[in-house]
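Geometric and topological summary
For reference, the chains in residue letters:
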Amino acid sequence: GNTWYAGKSETLNYKGGVSDSELVSQEIDLRLVSGSVSLSFQHFLQMLGLGDMNLHYDAAEIIVKELTESEQVNSHIIAENLPNTQVLGLEEYSLDLSRYAGKRVFLSFRFFTNGSSSGIGWILRDIQLKTDH
């Protein structure tokens with residue numbers, strides 16, 4: 001079933017301007033999950049790429065923040081250097097997160113831009129974490 005869902009009504013739009021935006025989910029408890037876990041969403045991503053740090057530097061990252069037994073948070077970047085979407089509109093994207101079955105996690109979507117172009121941004125929609133239990 002769906003463990004976590006950010007519906008289509010929650011359209012998240014990170015645009016230009018010097019900013020470091022982060023969308024973090026609520027805690028997702030996967031302790032009773034033993035099978036597969038998959039993250040899927042629709043997105044539109046336009047970045048100027050890595051290039052020279054002093055000129056253009058945009059980053060879109062997906063991070064899993066894992067909560068340990070002692071309530072420590074371990075962060076793992078699970079996707080970075082995401083390619084710009086090739087279509088005008090939203091593209092599907094998915095990731096296998098089965099290694100986090102049995103854990104408690106937060107999902108983080110981080111977008112950073114130095115604001116050197118007004119056409120950049122990250123739009124995320126229909127974010128779902130699905131399990132097969």
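Here the residue numbering is sequential within each chain, running from 1 through the sequence in written order. Only residues with pLDDT of at least 70 get local features here, since the model is predicted, and only at 80 or more are side-chain atom pairs given and counted; chain-wide, interface and lining totals rely on the full set of residues. Think of the side-chain values as coming from all heavy atoms in the structure, minus any hydrogens and water.

Some words on the environment of Y100
For Y100, the location among the structural elements is in the loop between β8 (91-96) and β9 (104-113). Sequence separation between Y100 and V64 is 36 residues; the distance between their C-alpha atoms is 8.9 Å. Any two residues whose heavy atoms approach within 4.5 Å at even a single point are treated as in contact. Sequence-distant contacts of Y100, defined by excluding residues within four places in its chain, comprise L30, V64, E66, H76, I78 and V105. In this description a helix means any DSSP run of H or I spanning at least four residues, a strand means any run of E spanning at least two, and both kinds are numbered starting from the N terminus.

Brief notes about the nonpolar core
Considering soluble globular proteins, one finds that nonpolar side chains tend to be buried as a cluster. In these notes, a set of buried Ala, Val, Leu, Ile, Met, Phe, Trp, Tyr and Cys residues joined through side-chain atoms within 4.5 Å is what counts as a nonpolar core. When accessible area is computed with a 1.4 Å probe and restricted to protein chains, residues below 20% of their type maximum are described as buried, those above 50% as exposed, and intermediate ones as partly exposed. Within the largest apolar cluster, 26 residues are counted, with the highest numbers of intra-cluster contacts made by L39, I62, L97, F109 and W122. Other than its neighbours up to four places away in sequence, L97 contacts V37, S38, L39, V64, I78, L107 and L129.

A word on the environment of M47
The topology assignment puts M47 in the loop between β5 (37-46) and β6 (59-67). Taking relative accessible area as the criterion, M47 reaches 11% and is therefore assigned buried. Taking the C-alpha atoms as reference points, M47 and A60, 13 residues apart in sequence, are found 8.3 Å from one another. Excluding anything up to four places from it in sequence, M47 contacts D58, A59, A60, L82, N84, F111 and I120.

Overview of the packing of aromatic side chains
Aromatic rings from Phe, Tyr and Trp, taking only the six-membered ring of Trp, are treated as a pair when their centres fall within 6.5 Å; an angle between ring planes under 30 degrees marks them as stacked, one over 60 as edge-to-face, and anything in between as tilted. Evaluation of the coordinates by the stated rule reveals 4 aromatic pairs. Between F111 and W122, the ring centres sit 6.4 Å apart and the planes meet at 50°, which makes this aromatic pair tilted. Residue F111 is found in strand β9, and its partner W122 is found in strand β10 (residues 121-131); the two are separated by 11 residues along the sequence. The same class applies to F111 as to W122, namely buried. Feature note: the residues F41, Y93, F109, F111 and W122 constitute an aromatic cluster, connected by ring pairs.

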